[in-house]
Amino acid sequence: MPAGFTAADFYYLLPELLLTGGALLVLVVDLLFPRREEATLGMTLLTLAVTGAAVVGFTGVDTTISAGLLAVDGFATFFKVIVIVSALLTVLMSPSYLRVEAVRAGEYYFLILCATLGMLFMASGIDLITLFIGLETMAISFYILAGYLKPNQRSNEASVKYFLLGAFSLGILLYGMSLFYGATGTTSLGGMAEALAGGERSLMLSLALVLLVAGMGFKIAAVPFHMWAPDVYEGAPTPVTAYLSVGSKAASFAMILRIFIEGLPSLVADWQLLFWVLAAVTMTVGNIAAITQSNIKRMLAYSSIAHAGYILIGVVAATERGVAAALVYLWVYVFMQLGAFAVVAMLRRQDVIGDELKDLSGLYLRKPFAAVAMLIFMLSLGGIPPTAGFMGKLWLFGAAIESGFVWLAVIFVVNSVISLYYYYRVIVFMWLKDETAGSDIVISPAMATALVIAVVGSLLFGVYPQVLFDHAQIAADMFGSAVSTAALR
Amino acid sequence: MLEITPLHYSLLSAALFMIGVIGVLVRRNVIIIFMSIELILNAVNINLIALSDQLQDLAGQVFVVFVIAVAAAEAAVGLGIIIAFYRNKETVNIDEIQIMRW
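This write-up is about the structure you can find in this document.

Here is what the cut-offs are and how they apply
Residues numbered from 1 in each chain as written. Chains lettered and ligands numbered in written order. Predicted model: local features only at pLDDT ≥ 70, side-chain atom pairs only at ≥ 80, totals over all residues. Heavy atoms only, no water. Helix = DSSP H or I, 4+ residues; strand = E, 2+ residues; numbered from the N terminus. Rg over C-alpha atoms; globule rule 2.2 N^0.38 Å. Buried < 20%, exposed > 50% of the residue type's maximum accessible area, 1.4 Å probe, protein only. Contact = heavy atoms within 4.5 Å. Areas by Shrake-Rupley, 256 points an atom, 1.4 Å probe, with all protein chains shown as cover. Lys, Arg positive; Asp, Glu negative; His and termini not counted. Charge placed at Lys NZ, Arg CZ, Asp CG, Glu CD. Phe/Tyr/Trp six-rings, centres within 6.5 Å; stacked < 30°, edge-to-face > 60°. Lys NZ or Arg CZ within 6 Å of the ring centre and 35° of its normal. Patch = residues over 30% accessible without salt bridge, like charges linked within 9 Å, V, L, I, M, F, W, Y side chains within 5 Å. Salt bridge = Lys/Arg side-chain N within 4 Å of Asp/Glu carboxyl O. Core = buried A, V, L, I, M, F, W, Y, C linked by side-chain atoms within 4.5 Å. Axes fitted to C-alpha atoms, helices over the stretch in contact; angles between N-to-C directions. Parallel < 35°, antiparallel > 145°, perpendicular 65-115°, else oblique. Left-handed = near helix turned anticlockwise from the far one by under 90°. Nonpolar A, V, L, I, M, F, W, Y, C, P; charged D, E, K, R; others polar. Buried area = accessible area lost by both parts, 1.4 Å probe. Polar contact = N/O pair within 3.5 Å; in protein donor to acceptor, adjacent residues only side chain to side chain.

1. Some remarks on the overall build of chain A
At step 1: Each helix and strand counted, chain A has 21 helices and two strands in total.
At step 2: Relative to a compact globule of 489 residues, whose C-alpha radius of gyration would be 23 Å, chain A shows 21 Å and is just as compact.
At step 3: Going through the 489 residues of chain A one by one, you find that 65% of them count as buried.
At step 4: Considering only contacts in chain A between residues 6 or more positions apart, those separated by 24 or more positions represent 82%.
At step 5: For chain A, the exposed surface amounts to about 15900 Å²; the carbon and sulfur share of it is 70%.
At step 6: In chain A, the 24 positive side-chain charges and the 29 negative ones have mean positions that sit 8 Å from each other.

Printed below as a string of structure tokens:
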């Protein structure tokens, strides 16, 4: 393996470099204009826009850089766009929330950008070491962000729980990685696939696989590794919860797809079985637990657990179609989930915490626009046409059937029906219940922008999904060779 | 005289890993849970070094340097979080972390 960096490496690292520079500039701007929150907000948005432009500029590129540590390909670009769009929406819904909570904005935006940086590396890493560094850059930023409201006990608790369980799962994941290194003699995913191509098995390999699945299961909050998610989602500041449930989940799925499909195609039968069970249990437990919740953030947490189960179907299918379906679903999930959290963040006022279901009562009379937006997000999460969520579910269903996982598809459909119950409950509260007390709800311009983007995204990809399908197909194509060799076995 | 081979180090690492996992599961003090997690990370390090020696490959040792760096960053952030928690609750017992239950 040739060592050292070349000038080309820096060229292809442009998005990451721009993001790092921008994040540091946010701190400087915050220092220079401590009372001007618009300045830090503007700098953050500019950084994300420039990074996004650089990422999109690499569309169609397919190369590995930094001596085989990172890949710049369609798959990485797809996930980078997902991550940057969700960061953008998160930042847009933050200013009014931060103002109500009366916390400083500078470090907050810096940490959001750091988490985004980690996610970019998770999307493009093709070596266990790079993936691990990306994962930790993201996770450590989130530990701090979850506890950002220091005097708030719920935020404290969320932070402590997320930190302890996150670090514990990291230890398990790393032990699995070290065993894989022992079994294959390399940390590069391509090298691992080659070393295991003979199809040999050992106790060490099985143990490594189980530990790796468990470690990644923690990160995507798959049942039975989900215990942290509801508490952390409930306690963390709402925009952070939103980013945690979308950005971190998307990046973790990128890592799962990379490791298992690109690095371990010869073990496909083993991890397919593990993920099959995880997917079935995750959607069922997530949906049933969501029904009993009275707190919206907690309900959305369980719903997000269920959605992780849905997306796992794409991983189980382990075909190009399955990967494309997972990508499509993660993309539409960005808009519906972040939109729902934006409405919850909007409900936070001086005198109302706004995370109980009853706080939504009579929203249609107070803010018709927000209520209609929330209606669209709920229908999309439930998978009702013509929303984007329906298209995502359709593709996952097709992928499961195509790969012969009929029972998984049946469990999937039954779960989608169960989930409608608690999504409709939100709608009932907004339309049919009387208004509750509390000061006026104010929709700031930034929040309105976030809601409009989320609504447009939730509808556009439901009515006109072809663009998205094409892009997801191109992104999934890179797995073509790895998957077909696995399928032959 | 028994020769100490990389396998022995791997066994040591497996034992440390188990001690760490059990520590996380049974102890109630947040600081001790955190120490158990550090024990797991060090088990990983020992394993990586032993395997690196056995395979005569440097990547494992590079991995260890990164794990140590990340563990240091995690310790800094984690202890900060625990201090913020202690200031509010005046305890570091995990059983007191119970505002949110379903």
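2. Focus on the packing of aromatic side chains
Residue and element names in this part refer to chain A.
At step 1: The tally for this structure, following the rule as stated, stands at 29 aromatic pairs over all chains.
At step 2: Between the aromatic rings of Trp 331 and Phe 335, the centroid separation amounts to 5.3 Å while the plane-to-plane angle is 85°, which identifies the pairing as edge-to-face. Taken as a pair, Trp 331 and Phe 335 lie in helix H14 (residues 320-347) at a separation of four residues, close to a single helical turn. The burial state of Trp 331 is the same as that of Phe 335; both residues are buried.
At step 3: An aromatic cluster is defined as three or more aromatic residues linked by ring pairs; in this entry it consists of Phe 75, Phe 78, Phe 79, Trp 331, Phe 335 and Phe 461.
At step 4: The positively charged end of Arg 321 is found above the aromatic ring belonging to Trp 395, 5.1 Å away from the centroid.
At step 5: The ring of Phe 429 carries Lys 433 above its face, with NZ or CZ at 4.7 Å from the centroid.

3. Comments concerning a nonpolar patch on the surface
Residue and element names in this part refer to chain A.
At step 1: On the surface, Phe 397, Ile 401, Val 406, Trp 407, Val 410, Val 413, Val 414 and Val 417 cluster together to form a nonpolar patch covering roughly 710 Å² of accessible area.
At step 2: Counting residues per element, the ones that place at least two in the nonpolar patch are helix H17 (388-402) and helix H18 (406-432).
At step 3: Counting through the fold element by element, Val 410 comes out in helix H18.

4. Brief notes about the nonpolar core
Residue and element names in this part refer to chain A.
At step 1: Of all hydrophobic cores here, the largest spans 220 residues; its most connected members are Phe 79, Phe 142, Phe 260, Leu 264, Trp 271, Phe 275 and Leu 360.
At step 2: With 23 residues, H14 is the largest single contributor of residues to this core.
At step 3: Residues contacting Trp 271, with those up to four places away along its chain left out, are Leu 209, Phe 260, Ile 261, Leu 264, Val 315 and Ala 318.

5. Some details on the packing of helix H5 (residues 106-124) of chain A against helix H11 (residues 238-263) of chain A
All names here are of chain A.
At step 1: Packing of H5 against H11 leaves a shortest axis separation of 8 Å and a crossing angle of 15°. When the axes of H5 and H11 are compared, the pair comes out roughly parallel. As for the relative orientation of H5 and H11, their crossing is left-handed in sense. Only Pro 239, Val 240, Tyr 243, Gly 247, Ser 248, Ala 251, Ser 252, Ala 254, Met 255 and Arg 258 of H11 make contact with H5, whose side of the interface consists of Tyr 108, Ile 112, Ala 115, Thr 116, Met 119, Met 122, Ala 123 and Ser 124.
At step 2: In terms of residue class, the contact of H5 with H11 is made up of twelve nonpolar, five polar and one charged.

6. Focus on the side chain of A:Ser178
At step 1: Along the chain, A:Ser178 turns up in helix H7 (residues 153-184).
At step 2: Given the relative accessible area of 0%, A:Ser178 is considered buried.
At step 3: Leave out the neighbours within four places in its chain, and A:Ser178 touches B:Val44, B:Asn47, B:Leu48 and B:Leu51.

7. What to know about the interface of chain B and chain A
At step 1: At the interface, 44 residues of chain B touch 45 residues of chain A.
At step 2: Taken over both partners, the interface formed by chain B and chain A buries close to 3700 Å², and the fraction arising from carbon and sulfur atoms is 78%.
At step 3: For the pair chain B and chain A, the number of links is zero salt bridges.
At step 4: Here chain B is connected to chain A by eight residue pairs in polar contact (both at pLDDT 80 or more).
At step 5: Among the elements of the structure, helix H1 (6-26), helix H2 (30-55) and helix H3 (59-89) of chain B are those that each provide at least two residues to the side of chain B that touches chain A.
At step 6: Sorting elements by how many residues they give to the side of chain B that touches chain A places H3(B) first, with 16 residues.

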